[in-house]
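# Geometric and topological summary
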Amino acid sequence: MNVLINDKPYTLAPGARLADALLLIEARPPYATAVNRQFVPRSSHATHELHAGDRIEVIRPVTGG
Amino acid sequence: MTHPSSAAAPATPSSSADALVLYGQSFQSRLLLGTARYPSPDVLEAAVRRARPAMLTASLRRQTASPGGAAGADNGFWELLRRLDVPVLPNTAGCHSVQEAVATAQMARELFDTPWIKLELIGDDYTLQPDTLNLVDAASQLIRDGFHVLPYCTEDLVLCQRLVDIGCQAVMPWAAPIGTGRGPVNPYALQVLRERLSVPLLVDAGLGLPSHACQVMEWGYDGVLLNTAVALAQDPVAMAGAFADAVQAGRAARHAGAMAAQDSAQPSTPVLGTPFWHHAQSQ
């Protein structure tokens, strides 16, 4: 199935979990995630099931005002 | 103009009894400092150590894949924050909807392990003016979710009152649009706001000079949050110190109580015994 991770297209196996997406992009801590504009806590990464067309955000800390 | 939080505090500005209190937490500084747009991380670190701010703002952006494939190659900012050991105030900069702001705040809470959030909900990209029609809804959701919300807002009295009504224990009106450095463009409204609201008020955005910070502190504001005025100064470290001093000076002046302005000149030197008095008229 096709998903978007930080607006870039990726392909995952059906039934993939959010943790699989993070593994695919080799995400390195510190980061936090949202799927379809809903926050997904760290404790749910391994169990949150993804679906075709999901939009995944993986964010990191940056400078800001 | 007075308000309870400043009028009832007899302590000297530098004493711990005059600490800035937000959501029950005390801060010895009344300056909150942004971390963006500095010439280098080293300059940022030196500026923070000079200013000794109460909090440092930070933000969230997407991890991007590096040429080697791994996402999120660290730029050292995370380690810098840990080394500085100053409380972090994450923001929701760039959010244009309530849903985006809430999700960003929740991600920030997990990432920075803090309940603090500077709520930015942008309504106009040209001026970066807050979305005043949806800000209260976003703040309300976050308050119910346990956040310590510091909302970036306009100086509109009714908006700020509504934010207080739904549980914001402090509000942060702008002085001018973000990054303009114009200083308070609506002094009357900012002073009326100070007169009408008793919660801590921090001016956030639009300050360009230490005198701007000093001015709003003299009006009774409880603190200032700024970034660009320091980061884009020719010497950011020196400017960080200048702003810290200005904030203290304004706070001290507020406590000292300014004289009432007069319409006509009044000599400060005694007139009695002035040499040559009436000589000109007798010649």
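Residues numbered from 1 in each chain as written. Chains lettered and ligands numbered in written order. Predicted model: local features only at pLDDT ≥ 70, side-chain atom pairs only at ≥ 80, totals over all residues.

What follows concerns the overall build of chain B. A count of helices and strands for chain B gives 11 helices and 12 strands. Expressed as a percentage of the 283 residues in chain B, the buried residues total 42%. In chain B, the share of contacts with a sequence separation of at least 24, taken over all contacts with a separation of at least 6, comes to 65%. (Helix = DSSP H or I, 4+ residues; strand = E, 2+ residues; numbered from the N terminus. Buried ≥ 20, exposed ≤ 12 C-beta atoms within 10 Å, placed from the backbone. Contact = placed C-beta atoms within 7 Å.)

Another aspect to go through is the confidence of the model for chain B. All names here are of chain B. Mean pLDDT over chain B stands at 91; residues scoring 70 or higher make up 90%. Segment residues 1–14: pLDDT under 50, and 27 contacts once partners within four positions in sequence are set aside and those in other chains are kept. Among the scores for the predicted complex, ipTM is 0.96 and pTM is 0.89. (pLDDT = per-residue confidence, 0-100.)

Here we come to the sheet that holds strand β9 (residues 148–153) of chain B. What holds strands together in a sheet is hydrogen bonding between their backbones, with the strands either parallel or antiparallel. All names here are of chain B. The three strands are arranged β6-β9-β10 in an open sheet whose pairing can be described as parallel. The open sheet has two free edges, formed respectively by β6 (116–119) and β10 (172–173), since each of these has just one partner strand. In this sheet, β10 lies alongside β9 in parallel orientation, the contact comprising two bridges. Its bridge partner being in β10, C153 is matched across the sheet by P173. (Pairing = 2+ DSSP bridges.)

Moving on, we get to the nonpolar core. A:A21, B:L119, B:V224, B:V230 and B:F243 are the most contacted members of the largest nonpolar core, which has 97 residues in total. Here B:F243 is in contact with B:L31, B:A51, B:P210, B:A213, B:L226, B:A229 and B:V230, once residues within four sequence places are set aside. (Core = buried A, V, L, I, M, F, W, Y, C linked by C-beta atoms within 7 Å.)

Now for the interface of chain B and chain A. With 29 residues of chain B in contact, the opposing surface of chain A contributes 23 residues. Top contributing element to the side of chain B that touches chain A by residue count: helix α4 (residues 98–112) of chain B, with eight residues. When grouped by side-chain class, the residues that make up the side of chain B that touches chain A number 13 nonpolar, 12 polar and four charged. By the bridge criterion, five bridges tie strand β5 (residues 55–63) of chain A to strand β4 (residues 55–62) of chain B in an arrangement that is antiparallel. (Nonpolar A, V, L, I, M, F, W, Y, C, P; charged D, E, K, R; others polar.)

The next point concerns the pairing of strand β2 (residues 8–11) of chain A. All names here are of chain A. Bridge count between strand β1 (residues 2–5) and β2: four bridges; the pairing is antiparallel. What sits directly across from I5, in β2, is K8. The hairpin formed by β1 and β2 contains two residues between the paired strands, and N6 there has a positive phi angle of roughly 50 degrees.

That bond from A:P29 to A:P30 is cis: its omega, 0 degrees, falls within 30 degrees of zero. Counting through the fold element by element, A:P30 comes out in the loop between α1 (18–24) and β3 (32–35). Residue A:N36 is not a glycine yet carries a positive backbone phi of 50 degrees. Here A:N36 is to be found in the loop between β3 and β4 (38–40). For A:N36, a count of 14 C-beta atoms within 10 Å gives the class partly exposed. Phi at B:D113 takes a positive value of approximately 55 degrees, unusual for a residue other than glycine. Tracing the backbone shows B:D113 in the loop between α4 and β6.

Counted at 1.5 Å a residue, the expected span for helix α10 (residues 236–256) of chain B with its 21 residues is 30 Å, and the 30 Å between its end C-alpha atoms agrees. Note on α10(B): the residue one or two positions beyond its end, B:G257, has a positive phi of about 85 degrees. (Expected span 1.5 Å × (residues − 1).)

Here we take up the pairing of β9(B). All names here are of chain B. The buried fraction of β9 is high, at five of six residues. Pairing geometry for β6 and β9, over four bridges, is parallel. Pairing of I117 across the sheet is with V149, part of β9. The β-α-β motif built from β9, the intervening helix α6 (residues 157–165) and the parallel element β10 has right-handed crossover chirality. (Right-handed = clockwise from strand over helix to strand, strands pointing away.)

All names here are of chain B. With respect to the element layout, L159 can be found in helix α6. For L159, a count of 20 C-beta atoms within 10 Å puts it in the buried group. Spatially, the C-alpha atoms of L159 and A101 are 18 Å apart, while their sequence positions differ by 58 residues. Dropping the residues within four chain positions of it, L159 is found in contact with T132, L135, C153 and T154.

Residue and element names in this part refer to chain B. One way to put it is that helix α8 (residues 210–218) packs onto α10 with a least axis distance of 7 Å and a crossing angle of 25 degrees. Viewed along their axes, α8 and α10 adopt a mutual orientation that is roughly parallel. Of the two elements, α8 crosses α10, and the hand of that crossing is right-handed. Where α8 approaches α10, its residues P210, S211, A213, C214, Q215, M217 and E218 are matched on the opposing element by A242, F243, A246, V247, A249, G250, R251, A253 and R254. Class assignment of the residues belonging to the contact of α8 with α10 gives a composition of 10 nonpolar, three polar and three charged. (Axes fitted to C-alpha atoms, helices over the stretch in contact; angles between N-to-C directions. Parallel < 35°, antiparallel > 145°, perpendicular 65-115°, else oblique. Left-handed = near helix turned anticlockwise from the far one by under 90°.)

Moving on: the packing of helix α2 (residues 41–51) of chain B against α10(B). Residues and elements named next belong to chain B. Between α2 and α10, the shortest axis-to-axis distance is 8 Å and the interhelical angle comes to 25 degrees. Taken together, α2 and α10 sit at an angle that is classed as roughly parallel. Relative to α10, the crossing made by α2 is right-handed. Note on element contacts: α10 touches α2 through P236, V237, A240, G241, F243 and A244, opposite V43, A46, A47, R50 and A51. In terms of residue class, the contact of α2 with α10 is made up of nine nonpolar, one polar and one charged.

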